[in-house]
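# Architecture and fold: a report
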Amino acid sequence: MNKVNDSLIEKQHKSSRSDIIFYGILAAIIALFILLLATNTGVRVEGKSMVPTLNDGDVLIVSTITPAKKDKIVVIKGEQTNWIIKRVIATEGDKVEFREDGFVYINGTLYQDEFGSSDYSNRVDAPFTEKVLEKGEYFYLGDNRDNSSDSRDYGTCTIEQIVGVVYDWAIGNKFINTAFFWI
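Being a predicted model, the structure only gives us computed values, none of them experimental.

## A few points about the environment of Ser-63
- Following the sequence through the fold, Ser-63 ends up in strand 2 (residues 59-63).
- Each C-alpha atom, one on Ser-63 and one on Asn-40, is 4.5 Å from the other, the two residues being 23 residues apart in sequence.
- Contacts of Ser-63, omitting those with residues within four sequence positions, involve Thr-39, Asn-40, Val-163, Gly-164, Val-165 and Tyr-167.
- Within polar-contact distance, the side chain of Ser-63 engages the side chain of Thr-66 at 2.6 Å.

Rendered as structure tokens:
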């Protein structure tokens, strides 16, 4: 009989240890989920200013704690309630120039990227021809440069206006776009 009682106690002890591990793992998963919700947000692309990188209707996951850097896509608070999605091409200390040849230069070097055209000959309506960005200031453009309202129209934005940075893995992610389609 004592052996039966000992085995029951041992079984109860193992069971409570398993419960502690299970609930510990469950608490960690819930904490991670809450952290992800608190530091990320989802946005849906409206319009064609970021084509071909982003398309109308795409859903993106945006980090609200990742710092904005050159060549990253960011979400910016608009003048009204609308947010805009653009690519940062210059940050504080950079000199942005629109020259007579129709191209944009950053720090004296022709700006070329894989995302959009650097030819601005069809956009002579820039609010300035030259600007050195101050601390916390960002210059942004849409990838579809011919059909984008961006820093050429609105001027630069500040770090306080940046809602967050789009995760690279969220761009073109079919799973995210499919999941949000059903929501």
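## Some thoughts on the side chain of Ser-49
- With respect to the secondary-structure elements, Ser-49 resides in the loop between strand 1 (40-44) and strand 2.
- A relative accessible area of 18% places Ser-49 in the buried class.
- A polar contact of 2.8 Å, which involves the side chain of Ser-49, links it to the side chain of Lys-86.
- With residues near it in sequence (within four places) discarded, Ser-49 still touches Ile-85, Lys-86, Gly-142, Asp-143, Asn-144, Asn-147 and Ser-148.

## Describing the packing of aromatic side chains
- Tallied over the full model, the rule gives 2 aromatic pairs.
- Aromatic side chains Phe-22 and Tyr-23 sit 5.1 Å apart centroid to centroid with 70 degrees between the ring planes, which places their arrangement in the edge-to-face category.
- Centroid distance Phe-98 to Phe-139: 6.0 Å. Interplanar angle 50 degrees. Geometry classified as tilted. Here Phe-139 lies in strand 9 (residues 137-141) and Phe-98 lies in strand 5 (residues 95-98), a separation of 41 residues in the sequence. Phe-139 shares its class with Phe-98; the two are buried.
- Here the basic side chain of Arg-99 rests over the ring of Tyr-105, its NZ or CZ set 3.8 Å away from the ring centre.

## Concerning the pattern of salt bridges
- Taken as a whole and assessed by the stated rule, the structure comprises 6 salt bridges.
- Between Arg-87 and Asp-143 there is a salt bridge, with its nearest N and O atoms 2.8 Å apart. Here Arg-87, found in strand 4 (residues 83-90), pairs with Asp-143, found in the loop between strand 9 and helix 2 (151-154); they are 56 residues apart in sequence, far enough to count as distant.

## Points about the sheet that holds strand 4
- One open sheet accounts for 7 strands, arranged 1-2-11-3-4-9-10; its pairing is antiparallel. Only two strands of the sheet have a single partner each, and these edge strands are strand 1 and strand 10 (157-158).

## Let's talk about the sheet that holds strand 7 (residues 109-110)
- Taken in spatial order, the 4 strands make up an open sheet running 7-6-5-8, and their pairing is antiparallel. With one partner strand each, in any of the chains shown, strand 7 and strand 8 (130-132) form the two edges of the open sheet.
- Here strand 5 pairs with strand 6 (residues 104-106) via 3 bridges, running antiparallel. Along strand 6, the bridge assignment pairs Val-96 with Ile-106.

## A closer look at the side chain of Ser-151
- Among the secondary structure elements, Ser-151 is positioned in helix 2.
- Only 2.9 Å separates the side chain of Ser-151 from the backbone nitrogen of Tyr-140, close enough to count as a polar contact.

## What about unusual backbone geometry?
- Put simply, Val-51 and Pro-52 share a cis peptide bond, and its omega is 15 degrees.
- Tracing the backbone through its elements, the reader meets Pro-52 in the loop between strand 1 and strand 2.
- For Asp-71, which is not glycine, the phi dihedral falls at a positive 70 degrees.
- Tracing the sequence through the fold places Asp-71 in the loop between strand 2 and strand 3 (73-77).
- Here Asp-71 falls in the partly exposed class, since its relative accessible area comes to 36%.
- At Asn-107, a position not held by glycine, the phi torsion is positive, near 55 degrees.

Reading the values: rules and limits
Residues numbered from 1 in each chain as written. Predicted model: local features only at pLDDT ≥ 70, side-chain atom pairs only at ≥ 80, totals over all residues. Heavy atoms only, no water. Helix = DSSP H or I, 4+ residues; strand = E, 2+ residues; numbered from the N terminus. Contact = heavy atoms within 4.5 Å. Polar contact = N/O pair within 3.5 Å; in protein donor to acceptor, adjacent residues only side chain to side chain. Buried < 20%, exposed > 50% of the residue type's maximum accessible area, 1.4 Å probe, protein only. Phe/Tyr/Trp six-rings, centres within 6.5 Å; stacked < 30°, edge-to-face > 60°. Lys NZ or Arg CZ within 6 Å of the ring centre and 35° of its normal. Salt bridge = Lys/Arg side-chain N within 4 Å of Asp/Glu carboxyl O. Pairing = 2+ DSSP bridges.

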